[in-house]
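Observations on the model geometry
Residue-level listing of the chains:
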Amino acid sequence: MGSDKQTTGLLETLRMERVRTIWTHTYPYPHEHSRHAIIAVVVGCLFFISSDNMHTLIEKLDSNVKWWSMYACLLGFFYFFSSPFLGKTIKPSYSNFSRWYIAWIVVATLYHLPSFQSMGVDMRMNLSLFLTICVSSILFLLVFHIIFIGLWYIGLVSRVAGRRPAILTVLQNCAVLSIACCVFYSHCGNLANLRDRSHQRKSALPGLLQLGSASDYPLLSKWVIYGELGCNGSGCAGSSDEISPLYSLWATFIGLYIANYVVERSTGWALTHPLSVEEYEKTKKKQMKPDFLDMVPWYSGTSADLFKTAFDLLVSVTVFVGRFDMRMMQAAMNRSQDGAQQDFLYDHFSDKEELWFDFMADTGDGGNSSYTVARLLAQPSIQVTRDDSVLSLPRGNLLLIGGDLAYPNPSSFTYERRFFCPFEYALQPPPWYKQDHIAVNKPELPDGVTELKQYDGPQCFLIPGNHDWFDGLHTFMRYICHKSWLGGWFMPQKKSYFALQLPKRWWVFGLDLALHNDIDVYQFKFFAELIQEKVGDNDSVLLVTHEPNWLLDWYWNDVSGKNVSHLICDYLKGRCKLRVAGDLHHYMRHSFVPSDGPVHVQHLLVNGCGGAFLHPTHVFSNFKKLYGTSYETKAAYPSLEDSSRIALGNILKFRKKNWQFDIIGGFIYFVLSFSMFPQCKLDHILQDNTFSGHLWSFFGTVWNVFMHVLEHSYVSMAGATLLLILAIAFVPTKVSRKKRAVIGILHVSSHLAAALILMLLLELGIETCIRHKLLATSGYHTLYEWYRYVESEHFPDPTGLRSRIEQWTFGLYPACIKYLMSAFDVPEVMAVSRSNICKNGMESLSRGGAIIYYASVFIYFWVFSTPVVSLVFGSYLYICINWLHMHFDEAFSSLRIANYKALTRFHIKKDGDLEVFTLAVDKVPKEWKVDPHWEAEPKQPQQLSHHRKFPSKWSAAAAQQEPLNTVKIVDHFVVKTNK
């Protein structure tokens, strides 16, 4: 015991926690240092190249303007293709794939262009040597790790060694090791130092890495790579028995990796991690960040959720609409003895003197935006400034959520991760809450509470939106009607629609419009009877629906919600003071213009800023009338000017926000230009002497190719026709058929022209390289054949090591290297196939040869086309939303804007008037940390979270972005009641 105490004191005295923090990575087992190694290798590479070849570069720059221009063009396309992934994390997988994809084709391109050779850098040698060393290193380290894990399994090494190494870490270390060897070879070569120092080379570096002669290691003499003979004169015939310095360097790096790995996985743990495992895990939890999901990528070509959404919508519309309606099932299953109102009507708020309650809608998209709104809703009060005075707005006793609880489709995953998770972080559920619990007899009140009126915590009532109906309301019924807690908000609700009797003769009607955009007859019957039996002549009603049909009907020039209109005009008869809806992800309020006619609804309010992507406001600025009453726009958030300006992001940011659209866009452009590959007659473009002549010939050729597509091609014409049909169908139906056809034709023509221009640019680049004999000179395996020649000349093998390895691996050793190197001969494959087609016709290629040719073309054409297709499509959306006021949903869902979030807070005052505050946050934080106030506040075991002063776990990492500090009032008005 005494020894333990002394050890602990020693660690505290030496402050080993601080040492551990400095020495080690933030994650356990930090045996990889690839990032630092890569930086060191790059700096070293630049130093070696610049020190020896800077003068050569300057002297030959003028004579290589053509090739530097081609470099600039290629690297420009590669940059725009990879720009969305710069600075991204390793997730999602497509981002990581794109990095490797770009690296591959950039190296394959640069290796065939001449400018690096003029600088003294032979890309072929470096590339082939890199691939050989990398593959050998990977195989060697995999064998080592298998042996090491086997030793751990039988108990010969420490328990810490049982953690399996990350494959990515092994690949990174092998890549860094191979790059270092290539840089060394480029600068020093493979000449061995002789034991006779009279023949010592100029560079001292190889001597430092010399392991000596193979004769010094008789057991290893047949397993080493030999260097070239490093002497002059006729007496130096034959190969040296000196071990290659390149092999020495490789062996040194491999040995360091193994030694570091073994020491760290055994004895190194006690030094670098003095904390116990339990203490370390506790510290790590404190440093954790919320695992919020990103905004839904609506234009993703790789998202299974979006395909499921489309399928669910198709099934819901074709199978359930008009055939099966969950709302009718709810009415049929209601077995109340007091009529049909017990499960739909709640009056436990009616006796209060005053009441604060909140409204939000369209949450469950991005975690940052949803949590921002939930954090504001959860606070005991919000401090805001109005007219130079500070107002304190207390938390609502009631929260109304207006549908679309999770995107893109209702499922257990989206409800739990996109909807429940942010709310549970904002206001934690009670200690006894179980995630899988099903509430059978609602309301399931906490212990000590006998009736709903006695519960003093916040409560929540919700209506479903169109996205919640995509699965026939199954998930909504499971997670809302049969659960009791949304975070710390109690949910007594049993059905998908409800009526709330509030103080001072106020009512809330929550309507379920389903996918019909209207209430069903049973729902109509319930509300009609309620109005006749219980709603007084001087009562006031706040009507909550998911869709704001007053705006959507005006926009689409349609009429929907006839049952709702009938209920408002013929039953409520002016008692509907306020209609509130979501669905449109912005805030707008239209108030009636006083007139002599009847006013069925005084205020029309849309607030769908609960967490989903932003919608424009300027598209709906011309709405004027509903039910014969004139209205004017009183508030819009964001402002009409800001909304129009935000739409410009479609041109500038479409691909950055929707890089997964590449899968669709690149394939479309390839189909549009498929029939035009190859272009064999390009002499007239290359032979013009003036720049204007080049341009004139180029665009003349584009026009000829365009006409050829229309007159002779099959695949490209079929693709263009199908794209035209989809483009016309994509135009909103509010536009006349003639305008839809014109817009669709212009849209498709721009895509077709862009695809053909890119095709011609690619063909011109290949033709230029062929004319300068950079491509189509050897065959399909030029890199491998060249390397085998250089290998036999510069890496002697007097003991026959390579032939033995080839025999023992049944030919896999050279075959793997050969076909791996052929991956970097894609331009050569493309050029050789193109030359054969131009000379002998397409019939000269076999079916497999044609597939290889078009696949090699697609590899490069995809990179060129994806930034362009995003630019053209983004420009189309910008023109439509700002000039034609079309595609409001498509043009803003593409931007995936998490900012501009808002909630509406209502206050039924003691005099019966309804005061309305809309609170908004312009910028949503992206980084969060554990709120120190939340962490420091004492927590009782059975304490409900709404009793805490600081109920939310996470606060913004930057104080200037904290929602509680940046929240502001964007609209305020008072609804007078009939006294």
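Residues numbered from 1 in each chain as written. Predicted model: local features only at pLDDT ≥ 70, side-chain atom pairs only at ≥ 80, totals over all residues. Heavy atoms only, no water.

Digging into unusual backbone geometry
So the rule is basically this: Numbering of helices and strands starts at the N terminus; helices are DSSP runs of H or I of at least 4 residues and strands are runs of E of at least 2. Only protein chains enter the calculation, and the probe is 1.4 Å; a residue is then buried if its accessible area is under 20% of its type maximum, exposed if over 50%, and partly exposed in between.
Backbone torsion omega between Tyr 407 and Pro 408 reads -5°, so that peptide bond is classified as cis. Assignment of secondary structure puts Pro 408 in the loop between strand S5 (398-401) and helix H16 (412-426). For the peptide bond that leads from Phe 677 to Pro 678, omega is -10°, which places it in the cis range. Within the element layout of this structure, Pro 678 appears in the loop between helix H23 (662-673) and helix H24 (683-687). Unlike most non-glycine residues, Asn 517 shows phi in positive territory, near 60°. Note that Asn 517 resides in the loop between strand S10 (506-510) and helix H18 (521-533). Phi at Asn 557 takes a positive value of approximately 55°, unusual for a residue other than glycine. Along the polypeptide, Asn 557 turns up in the loop between helix H19 (549-556) and helix H20 (562-572). For Asn 557, a relative accessible area of 71% gives the class exposed.

So, H18
The test is simple: One less than the number of residues in a helix, times 1.5 Å, gives the span that helix is expected to have.
Taking 1.5 Å per residue, 13 residues should reach 18 Å; H18 reaches 18 Å between its end C-alpha atoms and fits that length. Looking at H18, one finds that the buried residues are Gln 523, Phe 524, Phe 526, Phe 527, Ala 528, Leu 530 and Ile 531.

What about the pattern of salt bridges?
Filter applied, for reference: Here, a salt bridge means any Lys or Arg side-chain nitrogen found within 4 Å of an Asp or Glu carboxyl oxygen.
Considering all chains together, one arrives at 21 salt bridges under this definition. The salt bridge partner of Lys 634 is Glu 632, with a shortest N-O separation of 3.0 Å. Glu 767 is paired through a salt bridge with Arg 834; the nearest N and O atoms lie 2.8 Å apart. In this pair, Glu 767 is assigned in helix H27 (residues 737-771) and Arg 834 in helix H31 (residues 826-840), connecting sequence segments 67 residues apart. What makes Arg 834 buried here is its relative accessible area of 3%. When salt bridges that share partners are traced, they join Glu 763, Glu 767, Arg 771 and Arg 834 into one network.

Description of the packing of aromatic side chains
Aromatic ring pairs are defined here through the distance separating the ring centres and the angle between the ring planes. Just so we agree on the cut-off: Only centres within 6.5 Å qualify two rings of Phe, Tyr or Trp (six-membered ring in Trp) as a pair; their planes then separate them into stacked at under 30 degrees, edge-to-face at over 60, and tilted for everything else.
The tally for this structure, following the rule as stated, stands at 59 aromatic pairs. Aromatic pair Phe 140 and Trp 250: ring centres 5.7 Å apart, planes at 75°, arrangement edge-to-face. Separated by 110 residues along the polypeptide, Phe 140 in helix H7 (residues 123-153) and Trp 250 in helix H10 (residues 245-265) bring together distant segments of the chain. Using a relative accessible area of 39% as the deciding quantity, one classes Phe 140 as partly exposed. For the ring pair Phe 620 and Phe 888, a centre distance of 5.2 Å and an interplane angle of 75° mean the geometry is edge-to-face. Of this pair, Phe 620 sits in the loop between strand S14 (601-607) and strand S15 (625-626) while Phe 888 sits in helix H33 (residues 888-893), placing them 268 residues apart in sequence.

Topic: a nonpolar patch on the surface
Defined as follows: A patch consists of residues exposed above 30% relative accessible area that lack any salt bridge, with like charges linked at up to 9 Å and nonpolar side chains (Val, Leu, Ile, Met, Phe, Trp, Tyr) linked at up to 5 Å. Computed by Shrake-Rupley with a 1.4 Å probe, the accessible areas treat only the displayed protein chains as cover when residues are assessed.
On the surface, Val 143, Ile 147, Leu 151, Trp 152, Tyr 153 and Ile 154 cluster together into a nonpolar patch covering about 620 Å² of accessible area. Judged by relative accessible area, which is 70%, Tyr 153 ranks as exposed.

Describing the state of the cysteines
Each disulfide consists of one covalent bond between the sulfur atoms belonging to two cysteines. How we decide: In this description, a disulfide is simply a cysteine sulfur pair whose atoms lie within 2.5 Å.
The final tally for this structure, using the stated rule, is one disulfide. Each disulfide pairs two cysteine sulfurs, and for Cys 680 the partner residue is Cys 838, the sulfurs being separated by 2.0 Å. Its torsion about the S-S bond being -85°, the disulfide of Cys 680 and Cys 838 is classed as left-handed. Separated by 158 residues along the polypeptide, Cys 680 in the loop between H23 and H24 and Cys 838 in helix H31 bring together distant segments of the chain. The partly exposed category is assigned to Cys 680, whose relative accessible area is 34%. Left without a disulfide partner, Cys 569 is nearest to the cysteine sulfur of Cys 576, which lies 9.4 Å away. The buried category is assigned to Cys 569, whose relative accessible area is 19%.

With respect to a positive patch on the surface
Stated precisely, the cut-off is as follows: Only four residue types enter the tally: Lys and Arg on the positive side, Asp and Glu on the negative side, with His and both chain ends excluded. Think of each charge as sitting on NZ of Lys, CZ of Arg, CG of Asp or CD of Glu.
Together, Lys 653, Lys 656, Lys 657, Lys 923 and Lys 926 make up a positively charged patch on the protein surface. The residue Lys 657 is located in helix H22 (residues 649-657) in this model.

Some thoughts on the nonpolar core
Rules: Nonpolar cores are built from buried Ala, Val, Leu, Ile, Met, Phe, Trp, Tyr and Cys residues. Side-chain atoms within 4.5 Å join them into one set.
Among the nonpolar cores identified, the biggest contains 179 residues, and Phe 357, Leu 400, Leu 502, Phe 509, Tyr 669 and Leu 914 are the most heavily contacted of them. Among the elements that make up this core, the one with the highest residue count is helix H32 (residues 847-884) (18 residues). One finds Ile 382, Leu 399, Phe 917 and Trp 954 within the second-largest nonpolar core, a separate group that totals 49 residues.

Topic: the confidence of the model for the protein chain
Regions with low pLDDT should not have their predicted coordinates read in detail. As a reminder, the rule being used: As a per-residue measure, pLDDT tells how confident the predictor is, with possible values from 0 to 100. Contact definition: two residues touch when any of their heavy atoms are within 4.5 Å.
Overall, the predicted model of the protein chain reaches an average pLDDT of 81, with 77% of residues at or above 70. When the criterion is pLDDT under 50, residues 194-209 qualifies, and its contacts beyond four places in sequence or with other chains add up to 27 contacts. The model gives residues 230-237 a pLDDT under 50, and that stretch makes nine contacts with residues more than four places away or in other chains.

Some words on the packing of H7 against helix H28 (residues 782-794)
Cut-off, in case you're wondering: Axes here mean lines fitted to C-alpha atoms, for a helix over just the part in contact, with angles spanning 0 to 180 degrees between N-to-C directions. Working definition: roughly parallel below 35 degrees, roughly antiparallel above 145 degrees, roughly perpendicular at 65 to 115 degrees, and oblique for all remaining angles. Polarity classes work like this: nonpolar for Ala, Val, Leu, Ile, Met, Phe, Trp, Tyr, Cys and Pro, charged for Asp, Glu, Lys and Arg, and polar for all others, with Gly in that last group.
Put simply, H7 and H28 touch, their axes get as near as 10 Å, and they point 85° apart. By the angle between their directions, the pair H7 and H28 is classed as roughly perpendicular. Packed against H7, whose contacting residues are Arg 124, Met 125, Leu 127, Ser 128, Leu 129 and Thr 132, the element H28 presents Leu 783, Trp 786, Tyr 787 and Val 790 at the interface. The residue makeup of the contact of H7 with H28, split by class, is seven nonpolar, two polar and one charged.

Quick look at empty space enclosed by the protein
Counted only if it meets this: The distinction between a cavity and a pocket rests on a 1 Å grid over the protein atoms alone: a 1.4 Å probe fits inside a cavity but cannot get out, while a pocket stays open yet meets protein on both sides within 12 Å along at least five of seven lines, and a residue with an atom within 4 Å of a point counts as lining. Grid points are joined across faces, edges and corners, and a volume is the space filled by probe spheres set on the points.
Under the criterion given, the structure shown has five cavities of 30 Å³ or more. Quantified by volume, the second largest cavity comes out at close to 40 Å³. Every residue along the wall of the second largest cavity is listed here: Thr 132, Tyr 784, Tyr 787, Arg 788, Glu 791, Tyr 813, Pro 814 and Ile 817. Among the secondary structure elements, those contributing two or more residues to the lining of the second largest cavity are H28 and helix H30 (812-822). Taken together, the residues of the lining of the second largest cavity break down into five nonpolar, one polar and two charged.

Notes on the pairing of S10
As a reminder of what qualifies: Pairing between strands requires that DSSP locate at least two bridges from one strand to the other. Handedness of a crossover: with both strands directed away from the viewer, a clockwise path from the first strand across the helix to the second marks it as right-handed.
With respect to burial, S10 is a largely interior element, five of its five residues being buried. Pairing of strand S9 (residues 498-502) with S10, which is carried by five bridges, proceeds in the antiparallel orientation. The partner of Ala 499 across the bridge, within S10, is Phe 509. A loop of three residues connects S9 with S10, the two strands running antiparallel in sequence, and Lys 504 in this loop sits at a positive phi of about 55°. Note: S10 against strand S11 (residues 540-544), five bridges, orientation parallel. Residue pairing for S11: Phe 509 is matched across the bridge by Leu 543. Assessed by its sense of winding, the connection that carries the chain from S10 through H18 to S11 is right-handed.

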